Amino acid sequence: MESVPERISVQTSVLNANQQTAAANRELFAGEGLLVMNLMSAPGAGKTTLLEATIKSLRGQFRVAVIEGDLQTDLDAQRIQALGVRAHQITTGTVCHLDARMVARALDKFPVNDLDLLVIENVGNLICPASFDLGESLRVVVCSVAEGPEKPKKYPVMFNKAQVVLINKIDLAEASGADLRELTKNVREVNPQATIFALSSKTGEGLDAWTNWLKQAIEVRALAAMASV
Amino acid sequence: MHEISIAECIIQIAVVKAREQNARSIQVIKLRLGTFTTIVSDALQFAFEICRQGTLAQDARLDIEIVPMVARCAVCETTVQPVRGICLICQQCGFPLEIVSGEELQIEYIEVDSDKEVSPWSRFQNEFQSRPVF
């Protein structure tokens, strides 16, 4: 016997295991005709407030549930539950993002067979969540005007991977001296295909355009599932 | 610090592959890493050194090949290598650019030590295969 150095070809994506679990999640969601939104932003961009406003607008028309991701506390899940909507909290401890396995585990305890829309509110972070597919059909990134117009340029991967970018807190644009046009231009430059809505969850300005778009997406998703049966 | 999660995934994939080949230890893990990912090479090396402990990759070197971002216009076929202040709108014709490379996060190969009965012929083959290709 002798020790022999040997080169073994691997050719495997590092995120292979996550991608496989995400594909299984995606198949489960598709089977239910369910639109799944992965909602991402920096901490404090207003994800949860925006989600509350969105849920209020969908109320009575669509069945919605929420999976909340946070490092600590279930405060966000409590806020959603206060609206009479089912919510499940994933606390990641120190992990800075959700991954497909965390979502798969949550689904064991959190049935999604009676829903039209499942929102997964990711951990507030513009870097790490970009790499981890959860099995969602829609990636939505929220950016508030007070964060500064260069945000998309600083975090291009996150903005590039989004289908929808929501520019939030436009009621603060003037007070914070934010250049809305510059911010929109920067989103376009890193993601020319993104659908962009500028809105304020607080005043409701611009909210209808977003929720109408979302309602249509939910309906299209449900119809696609019916057509494939 | 998601580099820890990434390092764990790298080691897991390498260890499974090494076990399949009855390897005694992993010496090298070769990774291709695009610049349009959220992974920082130095942070990944640091995380790797922590995560490899107590595994078959305990003494392994993580060999990272950086793959630059390249984007191409589907309309006028202009090719650009965005580095900072990335703009994916073609400066020549205004159409969106497609990302050609820069999103890589892939293990190419591992180099392992195995215990084997070695015939002169297979030793020759092994040496031939494990020689780096330039």
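Up top you'll find the structure we're talking about.
Residues numbered from 1 in each chain as written. Chains lettered and ligands numbered in written order. Predicted model: local features only at pLDDT ≥ 70, side-chain atom pairs only at ≥ 80, totals over all residues. Heavy atoms only, no water.

Undergrad: How should I be thinking about the overall build of chain A in this particular structure?
TA: Looking only at helices and strands, chain A features 9 helices and 8 strands. Taken over the C-alpha trace, chain A has a radius of gyration of 19 Å; the compact-globule value for 229 residues is 17 Å, and the two agree within 12%. Along the first, second and third principal axes, the C-alpha set of chain A runs to 75 × 40 × 40 Å. Considering chain A as a whole, with its 229 residues, one finds that 57% of them fall into the buried category. Restricting the contact set of chain A to residue pairs at least 6 apart, pairs at least 24 apart contribute 73%. For chain A, the computed accessible surface area is about 9,900 Å², with 51% contributed by carbon and sulfur atoms. (Helix = DSSP H or I, 4+ residues; strand = E, 2+ residues; numbered from the N terminus. Rg over C-alpha atoms; globule rule 2.2 N^0.38 Å. Buried < 20%, exposed > 50% of the residue type's maximum accessible area, 1.4 Å probe, protein only. Contact = heavy atoms within 4.5 Å. Areas by Shrake-Rupley, 256 points an atom, 1.4 Å probe, with all protein chains shown as cover.)

Undergrad: Help me understand the interface of chain B and chain A in this model?
TA: How big an interface is tends to be reported as the loss of accessible area on association of its parts. At the interface, 44 residues of chain B touch 32 residues of chain A. Summing both partners gives a buried area of about 3,500 Å² for chain B against chain A, and 58% of it is carried by carbon and sulfur. One salt bridge in this structure joins Arg7 of chain A and Glu111 of chain B, with 2.8 Å as the shortest N-O distance. One can count 16 residue pairs in polar contact (both at pLDDT 80 or more) joining chain B with chain A. (Buried area = accessible area lost by both parts, 1.4 Å probe. Salt bridge = Lys/Arg side-chain N within 4 Å of Asp/Glu carboxyl O. Polar contact = N/O pair within 3.5 Å; in protein donor to acceptor, adjacent residues only side chain to side chain.)

Undergrad: Help me understand the nonpolar core, please; the structure alone is not making it clear to me.
TA: The biggest cluster of nonpolar side chains holds 32 residues, and the ones touching the most others in it are Ile26, Ile29, Leu31 and Ile110 of chain B. Mapped onto this core, the elements with two or more residues apiece are strand 1 (2–13) of chain A together with helix 1 (3–20), strand 1 (23–34), helix 2 (41–51), strand 2 (61–67) and strand 6 (105–116) of chain B. Counting 31 residues, the second largest nonpolar core, distinct from the first, contains Leu51, Val66, Ile80 and Val142 of chain A. (Core = buried A, V, L, I, M, F, W, Y, C linked by side-chain atoms within 4.5 Å.)

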